[in-house]
Amino acid sequence: MKKYLYYWCAFILTVGLVVAFLDVEVLASQRLNRALAHLESAAQAEQISEKKYHYEQALSDISKLKRQFPESQVYADLEQSSMLDVRLLQAKYNQLASKGQHSSQPDYLSQSLHLIQQQAEYERLEYLLKLASTVRKRGNEQQKMSFYSTLKQLVEIESNATSLCQAYEVLAWQSLVEENHRWLEQISLLLSGNINHKMQQNCMAAYFNIASSTSYIPDLMTLSGLWEIKQDTLYVNYSAALVRHGFFNLAEIQQQKISDPSLLAQAELFQLKAQWPSLTLVQWKEQALLDASVNIANIAATEQKELQTMRLAEFLFQQQELVYASNLQPQIRQPLNKVWYRAVALNATDIASHQELNIEEIKEIVVAYQQAERTVKLQLGFHELMDIWLKEQMAISEKGAFHAIGELLFRHYLTQPTRRLEIVELLEDLTQYHSIEQVKGLILFLQQSPDASAVMLSLGNEETLDVLELIVQQQDPELLQRWLSQPFPPAKQIANLSWLASWQAKVKS
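Residues numbered from 1 in each chain as written. Predicted model: local features only at pLDDT ≥ 70, side-chain atom pairs only at ≥ 80, totals over all residues. Heavy atoms only, no water.

Moving on, we come to the layout of surface pockets. With a probe scaled to a water molecule rolled over the atoms, the places where space remains empty come into view. Roughly 1500 Å³ of internal volume is contained in the largest pocket. Along the walls of the largest pocket sit 41 residues, with His 403, Glu 407, Glu 469, Leu 470 and Gln 473 positioned nearest its centre. Sorting the residues of the lining of the largest pocket by element identifies helix H3 (48-68), helix H17 (302-318), helix H19 (335-353), helix H21 (384-415), helix H23 (434-446) and helix H25 (461-473) as the ones contributing at least two each. If one sorts the elements of the lining of the largest pocket by residue count, H21 sits on top with 14 residues. (1 Å grid on protein atoms, 1.4 Å probe; cavity = no way out; pocket = protein on both sides within 12 Å on 5 of 7 lines; lining within 4 Å. Points joined across faces, edges and corners; volume = space filled by probe spheres on them. Helix = DSSP H or I, 4+ residues; strand = E, 2+ residues; numbered from the N terminus.)

Another point: a positive patch on the surface. On the surface, Arg 136, Lys 137, Arg 138, Lys 506 and Lys 508 cluster together into a positively charged patch. For the positive patch, the secondary structure elements donating two or more residues are helix H7 (121-138) and helix H27 (490-508). For the positive patch, the element with the highest residue contribution is H7, accounting for three residues. Residue position: Arg 138 is located in helix H7. (Patch = residues over 30% accessible without salt bridge, like charges linked within 9 Å, V, L, I, M, F, W, Y side chains within 5 Å. Areas by Shrake-Rupley, 256 points an atom, 1.4 Å probe, with all protein chains shown as cover. Salt bridge = Lys/Arg side-chain N within 4 Å of Asp/Glu carboxyl O. Lys, Arg positive; Asp, Glu negative; His and termini not counted. Charge placed at Lys NZ, Arg CZ, Asp CG, Glu CD.)

This brings us to the side chain of Asp 61. In this structure, Asp 61 sits in helix H3. In contact with Asp 61, other than residues within four places in its own chain, are Arg 31, Arg 34, Ala 35 and His 38. (Contact = heavy atoms within 4.5 Å.)

Our focus in this paragraph is the packing of helix H9 (residues 161-173) against helix H11 (residues 197-213). Following both chains from N to C, one finds H9 and H11 inclined at 10°, their axes separated by 8 Å at the closest point. With respect to H11, the axis of H9 lies roughly parallel. Mapping the contact onto sequence places Ala 161, Thr 162, Cys 165, Gln 166, Tyr 168, Glu 169 and Ala 172 in H9 and Met 199, Asn 202, Cys 203, Ala 206, Asn 209 and Ile 210 in H11. Grouping the constituent residues of the contact of H9 with H11 by class yields eight nonpolar, four polar and one charged. (Axes fitted to C-alpha atoms, helices over the stretch in contact; angles between N-to-C directions. Parallel < 35°, antiparallel > 145°, perpendicular 65-115°, else oblique. Nonpolar A, V, L, I, M, F, W, Y, C, P; charged D, E, K, R; others polar.)

What follows deals with the pattern of salt bridges. Tallied over the full model, the rule gives 12 salt bridges. For Lys 130, the salt bridge goes to Glu 126, with nearest N and O atoms at 3.6 Å. Of the two residues, Lys 130 and Glu 126 are both situated in helix H7; the distance of four residues between them amounts to about one turn of the helix. Taking the relative accessible area as the measure of exposure, Lys 130 reaches 48% and is therefore partly exposed. For Glu 126, a relative accessible area of 46% gives the class partly exposed. Ionic pairing is found between Arg 342 and Glu 364, a salt bridge with its closest N-O pair at 4.0 Å. With a gap of 22 residues between them, Arg 342 in helix H19 and Glu 364 in helix H20 (residues 357-377) connect regions that are remote in the sequence. (Buried < 20%, exposed > 50% of the residue type's maximum accessible area, 1.4 Å probe, protein only.)

Right under this line is the structure:
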């Protein structure tokens with residue numbers, strides 16, 4: 001334990017010394033130059049969504065300049081200059097934003113419910129459950145009454161354990177506390193039966209969500225025998241439910257009972273991600289990271305240890321905690337994971353800089369990944385269990401690495417019109433990777449290419465919603481309407497509308 005404390009103390013001291021010797025004026029000047037570069041790109045952009053993006057980034061950089069370097073001479077000169085009027089920039093951005101919005105947004109919740117009502121009875125429950133949270137938050141009284149009434153009817157004819165468990169959880173939302181034991185008993189009965197691992201996980205989540213929301217304390221030792229599930233697994237799932245409901249101290253009590261280091265590290269990381277926005281002081285963040293790092297270090301299996309380290313690094317890069325994430329790099333040794341780390345690190349730094357050289361580095365990362373991939377494939381065929389593990393590792397690293405690569409290339413496609421052909425050609429060479437295929441499809445869609453529909457319709461459900469999220473980020477109603485007009489099968493139409501209803505609820509709240 002002491003060596004980790006020494007390690008972090010040395011790390012904090014190093015960071016402090018580096019920051020102390022940085023030239024504030026240089027940093028302030030770099031921030032201003034980024035804002036000016038975005039304004040120049042906005043002037044050259046043709047599409048409204050591109051112009052909005054660059055104005056938004058320029059305003060963000062100016063805001064950061066004011067917040068981070070208020071005493072700098074660069075900021076003082078900016079305040080006195082008449083060449084860069086922030087109020088005028090804001091007005092231009094607002095004008096562009098208003099062009100990208102309808103006077104009244106479509107009611108995606110009503111559209112979803114209407115389309116679900118048209119489907120076969122045996123399909124409706126699964127679709128309704130995806131809308132449950134949105135109906136609860138944003139549905140009117142009539143929609144809620146109809147929703148719960150339909151749910152109760154469909155439960156009577158449903159046989160899928162996952163759908164039943166999730167339905168019981170939703171019904172518990174509008175039940176009296178004393179009635180919730182009925183739903184807990186129904187879920188427990190399913191968990192006592194012969195269901196597969198995925199259904200088991202979903203039903204445990206539903207059971208512990210109900211328990212956490214009603215302050216019911218389950219007897220996990222008894223449930224372990226009844227369900228024939230290891231106690232560590234129950235501690236992890238109960239801890240996750242308590243975290244979802246904001247009971248962090250109670251979750252930590254459950255985590256202290258976990259004997260498997262790998263499961264303990266997973267539970268700790270899940271809580272760290274949920275708590276991170278509330279960790280506003282540096283010492284809180286560093287203590288949480290120290291706890292998570294110690295738990296990961298205690299994992300005996302090297303592969304699991306490195307995977308959890310990568311999960312932590314990826315999360316920190318997503319939060320733009322670049323210094324903390326870079327501190328984890330020496331612990332990444334597996335070739336595929338090294339490339340995955342490089343990809344997420346570059347994507348994180350590119351969000352702030354948009355440097356053209358990053359496209360060249362992406363090409364190097366792709367070559368490095370494919371070399372590592374070939375090396376791993378040479379190890380296949382010698383042992384069945386080893387093959388399963390290697391294929392799983394390849395799938396995880398591919399998804400992580402190429403999701404980051406796809407994000408970066410799409411960002412540069414929007415911001416660097418002169419390099420679009422080069423980016424499209426690069427994407428064309430990488431379409432065997434799912435994350436790249438969806439980015440390529442979206443670009444074809446933006447270009448209104450006749451090939452776009454075929455690519456879009458071939459995407460899986462998860463990839464389809466990833467593309468929809470990118471489309472919504474463009475704030476272009478015409479583009480969104482074109483997407484919704486694609487000849488999707490009913491399941492994907494409902495998935496699209498349900499996602500939009502959920503997004504709409506978040507925006508309104």
